[in-house]
Amino acid sequence: MAEFRTQLRETSNLCVEERPGPCTMVIFGASGDLARRKLIPAVYNLHRRELLPEKFEVVGFARSGISDVDFRARVVDAVRACCLGVSSREVERFSTNFHYQRGEYNDAEAYRSLARTLSDFGARRAAGGCHVFYLATPPRLAPEIVAHLAGAGLLAECTEGPACSRVVVEKPFGFDLASARELDQRLAEHLDERQIYRIDHYVGKETVQNMLMFRFANAIFEPVWDAHYIDQVQITTAESEGVEGRAGYFDEAGALRDVFQNHMLQMMATVAMEPPSSFDAKSVRDEKTRILRAIRHIDPSKPCAGVVRGQYEGYPAEEGVAPGSQTETYVAAELRVENTRWQGVPFYLRTGKRLCRRASEIAIFFRRVHDSMFAPFLPDDICPNVLVFNVQPDEGVSLSIQAKGPGPKLCMGTLSMEFRYRAAGLDLPDAYERLLLDCMQGDQTLFIRSDALEAAWSIVDPIRRGWDAGLGCPLIRYPAGSEGPAEAASIPARIGRAWRPI
Ligand code: BG6
């Protein structure tokens, strides 16, 4: 396959990012995995890019009885583990912005002490500004933490000037529609929707964000972005890892709740949404919600129609997994959008753990050329054009097109035009960097609004209900390191399509 590469030349005058105003971030669950693997590295990278507020402090809040010094040593380790070539002096200086507050999540006094610490920062450094409370804790703790923050007077509304508080809530946000609504109601007792940042880190990934520019800023794509030209869409999130020490959580959640309900549906919404009237949080989120609501619900009495669930061999023997667990580690499904733009276009979504490769992508298959004058000379139909957004790893975009090969008059081949961020020498920020920065700046565009969240649960709940009712949708075992259950092929095969190889 011939191949040529492109470069990205920045044409917008908005490529320069601005530092947010003064801010303090409090990480609940600061001694946990998310803080170590994602949040501290993201804060460090923002610092390296000079994108942290000039006045910025981080308070780690957790139950472990450690000191400021211990916490800073953990910060240093986390930075060393994520970012090569950092000098000891630089990382140690960086770590001095980190402080530690030990506390039980239900102890009102710990929150009063936190409030004193934050007000000290305000007085000493004239930091004032916003407070970002990041709940890197199990989701069930969110209402309690928020209630205590309110009790300690720490939840100033964002309408009251720059000194306002925002709360970042990690997924899973509930475990079904009813529990998500209940959680929302409990948060709403203390927070306005403008203060709630429901995070889905896939939405912050560069290639997913790029989808909006690609679609809406290019006259060669937007006019053909519908059922007249697009034949099918495939969205894949494949992981080579298994549950990796998270069995306690994953075995209750399963792949449907863990990845499908959020990351997969968010990517689908980004592909399928109508053009927002402007690029602001409200318009973008309105359109995403609208499209999620337009997805046809699966009939719970036929939970296997267009859905396959699987479990990798050896999963029940993983540490922390319940013996005989029936939790799915793989889901593939066909979804349809009930609007004119997408009439008749299948969206195939699949996600799984312990598959052959780590790869997330969105592939848009265009329709084949009909009545081609080349048909008599080619063994098959001409291959369709496929536009692929490589979400990870090796983020980029590629488009396959048909072209003449040099030499014989009728030599035709598939040409792949590829753009790879890294090959173009571009330093790619992690999704958490983007999302933390947006939160400090008060931009909710890439965060999930409660109505979109409800729409997503409404799609997933009937599938789960069908499975739970034992309506004959078997859990299919697949070998670790494979492409998942072979039965998943039957989903696109119903109309003569096939999955892209992972
Ligand atoms: C998380 C899920 O939200 O996303 C994990 O809980 C999954 O189970 C992870 O492994 C995948 O994220 P990424 O960015 O590594 O693809």
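Since this is a predicted model, take the numbers as computed values, not measurements. (Residues numbered from 1 in each chain as written. Predicted model: local features only at pLDDT ≥ 70, side-chain atom pairs only at ≥ 80, totals over all residues. Heavy atoms only, no water.)

*Asks:* Looking at this model, I keep getting lost on the state of the cysteines. Mind explaining?
*Replies:* Across all of its chains, the model carries one disulfide by this definition. With a sulfur-sulfur separation of 2.3 Å, C82 is cross-linked through a disulfide to C83. The sign of the -70 degrees torsion about the S-S bond sets the C82-C83 disulfide as left-handed. What makes C82 partly exposed here is its relative accessible area of 34%. (Disulfide = S-S within 2.5 Å. Buried < 20%, exposed > 50% of the residue type's maximum accessible area, 1.4 Å probe, protein only.)

*Asks:* Help me understand the nonpolar core in this model?
*Replies:* The nonpolar side chains of soluble globular proteins are, as a tendency, buried together. Of all hydrophobic cores here, the largest spans 150 residues; its most connected members are F28 and W225. The dominant element in this core, judged by the number of residues it contributes, is helix α8 (residues 247-272), at 13 residues. (Core = buried A, V, L, I, M, F, W, Y, C linked by side-chain atoms within 4.5 Å. Helix = DSSP H or I, 4+ residues; strand = E, 2+ residues; numbered from the N terminus.)

*Asks:* Explain the pattern of salt bridges to me, please; I cannot follow it from the model alone.
*Replies:* Any two side chains of opposite charge can pair, given that their charged atoms come close. Across all of its chains, the model carries 39 salt bridges by this definition. The closest approach of N and O atoms between R19 and E54, which form a salt bridge, is 4.0 Å. Of the two residues, R19 sits in the loop between β1 (2-5) and β2 (23-28) while E54 sits in the loop between α1 (33-48) and β3 (56-62), which places them 35 residues apart along the sequence. Here R500 ties to E361 by a salt bridge, and the two come within 2.6 Å at their closest N and O atoms. With R500 in the segment after α12 (490-493) and E361 in strand β12 (residues 359-366), the pair connects residues that are 139 residues apart, well separated along the chain. The buried category is assigned to E361, whose relative accessible area is 9%. Where salt bridges share partners, they join R48, R49, D427 and E433 into one cluster. (Salt bridge = Lys/Arg side-chain N within 4 Å of Asp/Glu carboxyl O.)

*Asks:* I would appreciate a short explanation of the site of the ligand in the present structure.
*Replies:* If you check the shell around the ligand, you find K171, H201, Y202, K205, E239, R246, D258, H263, K353, R358 and Q392 and nothing else. Q392 is positioned such that a nitrogen or oxygen atom in its side chain is 2.5 Å from an oxygen atom of the ligand. Summarising the interface, the protein chains cover 84% of the accessible area of the ligand, which totals 390 Å² for the free molecule. (Near = heavy atom within 4 Å. Polar contact = N/O pair within 3.5 Å; in protein donor to acceptor, adjacent residues only side chain to side chain. Areas by Shrake-Rupley, 256 points an atom, 1.4 Å probe, with all protein chains shown as cover.)

*Asks:* Would you take a moment to explain the environment of R357 for this structure?
*Replies:* Summarising the element assignment, R357 is placed in the loop between β11 (347-352) and β12. On the basis of relative accessibility, which here comes to 42%, the residue R357 falls in the partly exposed class. A C-alpha to C-alpha distance of 6.1 Å links R357 and E239, two positions 118 residues apart in sequence. Setting aside residues no more than four positions away along its own chain, R357 makes contact with A238, E239, S240 and I502. (Contact = heavy atoms within 4.5 Å.)

*Asks:* When you look at helix α2 (residues 68-82) in this model, what are you seeing that I'm missing?
*Replies:* One turn of an α-helix holds 3.6 residues; hence residues three or four places apart share an orientation. Under the 1.5 Å per step criterion, the end-to-end length of α2 is 21 Å for 15 residues, consistent within 8% with the ideal 21 Å. Every buried residue of α2 is accounted for by F71, V75, V76, A78 and V79. The buried residues of α2 occupy one face: seen down the axis, they fall within an arc of 165 degrees. Across from the buried face of α2, at angles greater than 90 degrees, the exposed residues are V69 and A81. (Expected span 1.5 Å × (residues − 1). Arc of directions from axis to C-beta.)

*Asks:* Please explain the packing of aromatic side chains as it appears in this structure.
*Replies:* Describing an aromatic ring pair means giving the distance of the ring centres and the angle of the ring planes. Applying the stated criterion across every chain yields a total of 20 aromatic pairs. Ring plane angle 75 degrees and centroid distance 4.9 Å describe the contact between Y197 and F447, whose orientation is recorded as edge-to-face. In this pair, Y197 sits in strand β7 (residues 196-198) while F447 sits in the loop between α10 (431-441) and α11 (450-468), placing the two residues 250 residues apart along the sequence. For F447, a relative accessible area of 2% gives the class buried. Ring pairing ties together the aromatic residues F28, F61, Y105, Y111 and F133, which thus form one cluster. Residue placement shows R198 over the ring face of F173; its charged tip is 4.9 Å from the ring centre. In this arrangement the basic side chain of K205 is found over the ring face of Y202, its NZ or CZ atom lying 4.6 Å from the centre. (Phe/Tyr/Trp six-rings, centres within 6.5 Å; stacked < 30°, edge-to-face > 60°. Lys NZ or Arg CZ within 6 Å of the ring centre and 35° of its normal.)

*Asks:* How should the pairing of strand β4 (residues 98-102) be read in this particular structure?
*Replies:* Along a regular strand, successive side chains alternate from one face of the sheet to the other. Taken across its five residues, β4 has four buried, putting it largely inside the fold. Across five bridges, the pairing between β3 and β4 is parallel. Looking at the pairing, V58 lines up with F98 of β4. (Pairing = 2+ DSSP bridges.)

*Asks:* Even after reading the chapter, I still don't get the sheet that holds strand β6 (residues 165-169), so can you show me in this structure?
*Replies:* Neighbouring strands of a sheet are bound in pairs by backbone hydrogen bonds; such pairs are parallel or else antiparallel. Reading across the sheet, the six strands line up as β4-β3-β2-β5-β6-β7 and stay open at both edges, with parallel pairing between neighbours. Each end of this open sheet is capped by a strand with a single partner; those strands are β4 and β7. The average angle at which neighbouring strand axes cross in this sheet is 20 degrees, direction not considered. Across the face of the sheet, helix α5 (residues 142-151) comes into contact with β2, β5 (130-135) and β6 while running at roughly 155 degrees to β5. (Axes fitted to C-alpha atoms, helices over the stretch in contact; angles between N-to-C directions.)

*Asks:* Looking at this structure, how should I read helix α3 (residues 88-95)?
*Replies:* Those residues of α3 lying buried are V91, F94 and S95. Relative to the axis of α3, the buried residues are bounded by an arc of 100 degrees and lie together on one face. Exposed side of α3, more than 90 degrees from the buried face: R89 and R93 are the residues found there.

*Asks:* Honestly, the pairing of strand β14 (residues 396-404) in this entry has me stumped. Any pointers?
*Replies:* With five bridges joining them, strand β13 (residues 386-392) and β14 adopt antiparallel strand pairing. Across the sheet, residue F389 finds its bridge partner in β14, namely V397. Taking the residues that link successive antiparallel strands as the turn, the β13-β14 hairpin has three residues, and the phi of D394 there is positive, at about 50 degrees. The pairing of β14 with strand β15 (residues 412-420) spans nine bridges and is antiparallel. Bridge pairing in β15 links K404 to M412.

*Asks:* What should I look at first to understand the environment of S458 in this one?
*Replies:* Structurally, the position occupied by S458 is in helix α11. Considered as a pair, S458 and V233 are 225 residues apart in the sequence and their alpha carbons are 21 Å apart. The contacts of S458, once residues within four sequence positions are left out, are L177 and H297.

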